[in-house]
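Notes for the structure review
Residues per chain are reported as follows:
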Amino acid sequence: MLANELAFHVLGDERGSLVALEGERDIPFEIKRVYYIYSVDSDKPRGFHAHRKLRQMAFCLAGSCTMILDDGFSRESVAMSKPNVGIPIDPMIWHEMGEFSSDCILMVLADDVYDETDYIRDYSQFLEEVK
Ligand code: TYD
């Protein structure tokens, strides 16, 4: 099971919904970086990399998309559309995001700053390092 979805409590009332995410409590790491993608095309998938050390958690805040997770042995596809559900992207997990709805906003919380040397962008290199 690669997709260990975590559903967070929604604080809702007649005004709408609120989700609070605290680092090292709700999110199992210190949050050092937040990034998000939007205005994405359904036919332009993204990702296609793994990280050697980085821990991340992805949330689809609006619209919908699909996240593919691959540990080098098996591959799982997860439909994302709930703003209160996080998908952990652990180190050495190849991931691909696609099938974006036009209103999709995908937010990712990460435990470190951007570091290109932590990326594995070649799938055969990923398989070599994972095995
Ligand atoms: P990229 O990793 O290719 O995006 P995706 O995982 O969605 O396919 O990143 C796109 C560009 O943005 C690339 O030039 C690197 C840069 N970038 C940063 O500068 N900081 C970041 O935190 C991220 C995630 C990307």
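First, a word on scope: everything that follows refers to the structure included in this document. Remember, predicted model here, so these are calculated numbers, not experimental data.

**Considering the pairing of strand 6 (residues 56-62)**
Where burial is concerned, most of strand 6 is hidden: five out of the seven residues are buried. Where strand 6 meets strand 9 (residues 85-89), four bridges bridge the pair, whose relative direction is antiparallel. By the bridge assignment, Gln56 is partnered in strand 9 with Ile89.

**A few points about the site of the ligand**
Taken together, the neighbourhood of the ligand is formed by Arg33, Tyr35, Arg46, Gly47, His49, Tyr114, Tyr119 and Arg121. Contact distances for the ligand include 2.7 Å between an oxygen atom and a side-chain N or O atom of Arg46. Interatomic distance of 2.8 Å between a backbone N/O atom of Gly47 and an oxygen atom of the ligand. Bound to the protein, the ligand loses 60% of the 530 Å² it would expose on its own. Mapped by element, the contributors of at least two residues to the shell around the ligand are strand 4 (33-37) and strand 5 (46-51). With three residues, strand 5 is the largest single contributor of residues to the shell around the ligand. Split into classes, the residues belonging to the shell around the ligand amount to three nonpolar, two polar and three charged.

**Quick notes on the nonpolar core**
Leu69, Met80 and Leu106 are the most contacted members of the largest nonpolar core, which totals 19 residues. Put simply, the parts of the chain that give this core at least two residues each are strand 6, strand 7 (65-70), strand 8 (75-80), strand 9 and strand 11 (105-110). Here the element with the most residues in this core is strand 7; it accounts for three residues. Apart from the residues lying within four places of it in its own chain, the contact partners of Leu69 are Leu2, Ala3, Ser74, Arg75, Glu76, Val78, Ile87, Pro88, Ile89, Ile93, Trp94 and His95. Within the second largest apolar cluster, seven residues are counted, among which are Phe8, Ile27, Phe29 and Met107.

**Quick word on the sheet that holds strand 11**
Pairing is antiparallel in the open sheet, where five strands are placed in the order 1-9-6-11-4. Lying at the two open borders of the sheet, with one neighbouring strand each, are strand 1 (6-7) and strand 4.

**With respect to the pattern of salt bridges**
In the structure shown here, the tally under the stated rule is eight salt bridges. The residue Asp112 makes a salt bridge to Lys32 at a minimum N-O spacing of 3.9 Å. Residue Asp112 is found in the loop between strand 11 and strand 12 (119-120), and its partner Lys32 is found in the loop between strand 3 (16-18) and strand 4; the two are separated by 80 residues along the sequence. Among the residues examined, Lys32 registers a relative accessible area of 46% and is labelled partly exposed. One salt bridge in this structure joins Arg52 and Glu129, with 2.8 Å as the shortest N-O distance. Of this pair, Arg52 sits in the loop between strand 5 and strand 6 while Glu129 sits in helix 1 (residues 123-130), and the two are 77 residues apart along the sequence. By relative accessible area, Arg52 is classed as partly exposed at 33%. By relative accessible area, Glu129 is classed as partly exposed at 31%.

The rules behind each value
- Residues numbered from 1 in each chain as written.
- Predicted model: local features only at pLDDT ≥ 70, side-chain atom pairs only at ≥ 80, totals over all residues.
- Heavy atoms only, no water.
- Buried < 20%, exposed > 50% of the residue type's maximum accessible area, 1.4 Å probe, protein only.
- Helix = DSSP H or I, 4+ residues; strand = E, 2+ residues; numbered from the N terminus.
- Pairing = 2+ DSSP bridges.
- Near = heavy atom within 4 Å.
- Polar contact = N/O pair within 3.5 Å; in protein donor to acceptor, adjacent residues only side chain to side chain.
- Areas by Shrake-Rupley, 256 points an atom, 1.4 Å probe, with all protein chains shown as cover.
- Nonpolar A, V, L, I, M, F, W, Y, C, P; charged D, E, K, R; others polar.
- Core = buried A, V, L, I, M, F, W, Y, C linked by side-chain atoms within 4.5 Å.
- Contact = heavy atoms within 4.5 Å.
- Salt bridge = Lys/Arg side-chain N within 4 Å of Asp/Glu carboxyl O.

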